[in-house]
Amino acid sequence: MSSVAPDEIVRNFVAGRFVDPDPTRLFDDVDPVTGRAVASVHEADASLVDRAVRSARNAVAGEWSKWSTRERAALLRRAALRIEERFEEFVEAEIRDTGKPITHAREVDVARAVANLSTFADVVSAAGESSFRSELPGGRQALNYVVRKPLGVVAVVVPWNLPLLLLTWKVAPALACGNAVVVKPSEETPTTATLLADVFREVGLPDGVYNVVHGYGLDSAGSHLVGHSGVDGVTFTGSTATGTQVMRAAATGVRPVSFELGGKNAAVVFADADLDATLDGLTRSVFSNTGQVCLCTERVYVQRSVFDDVVEGLADRAARLVLGDPRDTGTTTGPLISRAHRDKVLAYFALAEAAGARAVVGGGVPDLGAKYEDGAWIEPTLWVGMDNDARPMREEIFGPVAGLVPFDTDAEAISLANDSEYGLAASVWTSDLVRGHQVAQAMNVGMSWVNTWFLRDLRSPFGGAGLSGIGREGGESSLHFYTEPTNVCVQL
Ligand code: NAD
């Protein structure tokens, strides 16, 4: 039984059951392609969030606590397999909520969710306990070892841009380590978190280990959850502004937080780079998912001798992006997530113009005909002529946009790229490997690519510096966040 047929209500999932919706607490799930509501969502109130947290507390103390690492890993693998079997159902749900092109939903969102579940099954199975002997005064010895225990109940709060991918990135390691979770998907994209509940039920996860509460952030399910005293840790992906509020809530009770926040990511293009490969890479990094990936590039610094070629080549590729029906495999670019988000992005278009920028491509709202006129469509846009101090070069816009700025020397490129309060990701494009390593290492970011973008090994640490986050997740870093170590010292 799925709870998410289009004409139905997207339900909360608590203690192993879909909750009967309260008809007085429904909000619309809007398709950003057309602007039409495609489902209703049951907003969880404080008492339902409380029930979800209590069910998770009961679960961590119950049968789940007796499961071995091997059994938990096996369950994650079964869930990965089940998502593969129900692959197109997840793809359709993701498209319905976000309007993203089907190729993206298939190749990135749902494929990565499968990889998240199976990778953390592997990572937790391979993790060893560290133990070492200590020399004590008088020649005595002690044996030290570390036992890692689950944190307990983990609140997982995620955004709308890669709903299932970002959710499973946190849920998989949390469950692998033996925690119970209460997840709060974005109000814009409630469906795949709910479908995942169905999958976990099918593969035999004990009741209460995975709970879903729907709703908004402030004064709704989000703040009820992160402020709940029964939560032992908070893992959050979203904007820096919201992260600040979540951190305040988590401070009560000194709960640990893991934050993956916003970015204002730079690309640095040297004159010695392979131009065609670089332009293809930049096109992906600026425009993928309509620019709504935290890792997307919004600032492009180009060595002066190739500046005009890069501007022209990137504008040409941007003009060839295909906007339209997300279910058509030829579509490359969907709408933004909502009209409200488009208003925000359009405000930056006005700011860019006021800052003296010239749009070499885009700069407005496309006319895609009557079918799409109420959707959240926007033109892929590139600006030149803007100073590094202009607000559109400093603040995260989260749309299909970038400003291009010329530079002369390596030192100048590094200084321009690092001139940001954010520190999530950067990419360096060059055929000189030594220069590539040097510049990539000089970037003050959590993730620095050379001649590629978005390529991830899920065992490596992921996160951001500065306003882009706190902590790292991925591989062992995730195991560290989702467990509490106890050092046992035995005098021998
Ligand atoms: P957002 O911060 O508005 O919302 C994120 C989530 O937090 C949503 O589920 C929302 O309902 C909830 N929320 C809002 N206020 C809350 C509160 N006071 N207490 C508890 N929960 C609250 O972000 P968004 O607009 O959904 O997503 C876009 C942002 O996410 C961008 O800034 C983007 O860079 C960032 N992001 C970062 C990463 C990363 O890995 N660093 C990945 C994806 C997205």
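Residues numbered from 1 in each chain as written. Predicted model: local features only at pLDDT ≥ 70, side-chain atom pairs only at ≥ 80, totals over all residues. Heavy atoms only, no water.

A. Looking closely at the domain arrangement of the protein chain. Entries for the protein chain in the domain assignment read domain 1 (9-261 + 468-491) and domain 2 (265-457). Taking only C-alpha atoms, the centre of domain 1 and the centre of domain 2 are 31 Å apart. With 29 residues of domain 1 at the contact, the number on the domain 2 side is 30 residues. In this assembly, domain 1 packs against domain 2 so that about 2,300 Å² is buried in total across both faces, 59% of it on carbon and sulfur atoms. The largest per-residue losses of area from domain 1 upon contact with domain 2 belong to Val 33, Trp 160 and Ser 468, which jointly make up 25% of the total buried on that side. Applying the counting criterion to the domain 1 and domain 2 interface returns one salt bridge. Notably, a salt bridge pairs Arg 327 with Glu 92, separated by 2.8 Å at the nearest N-O pair. Where domain 1 meets domain 2, there are nine residue pairs in polar contact (both at pLDDT 80 or more). Taken together, the elements giving at least two residues each to the side of domain 1 that touches domain 2 come down to α3 (87-98) and α4 (102-126). The leading source of residues in the side of domain 1 that touches domain 2 is α4, at six residues. Of the residues assigned to the side of domain 1 that touches domain 2, the class counts are 10 nonpolar, 10 polar and nine charged. (Domains from an automatic or database assignment. Contact = heavy atoms within 4.5 Å. Buried area = accessible area lost by both parts, 1.4 Å probe. Salt bridge = Lys/Arg side-chain N within 4 Å of Asp/Glu carboxyl O. Polar contact = N/O pair within 3.5 Å; in protein donor to acceptor, adjacent residues only side chain to side chain. Helix = DSSP H or I, 4+ residues; strand = E, 2+ residues; numbered from the N terminus. Nonpolar A, V, L, I, M, F, W, Y, C, P; charged D, E, K, R; others polar.)

B. Focus on the packing of aromatic side chains. Counted according to the given criterion, the structure contains 15 aromatic pairs. When the ring of Trp 169 is compared with that of Phe 462, the centres are 6.2 Å apart and the planes differ by 85°; the resulting orientation is edge-to-face. Taken together, the positions of Trp 169 in helix α5 (residues 163-176) and Phe 462 in the loop between β20 (447-450) and β21 (465-466) put the pair 293 residues apart, joining distant regions of the chain. Considered together, Trp 169 and Phe 462 belong to a single accessibility category, that of buried residues. Pairing Trp 449 with Trp 453 gives two aromatic rings, centres 6.5 Å apart and planes at 55°, and the pair type is tilted. (Phe/Tyr/Trp six-rings, centres within 6.5 Å; stacked < 30°, edge-to-face > 60°. Buried < 20%, exposed > 50% of the residue type's maximum accessible area, 1.4 Å probe, protein only.)

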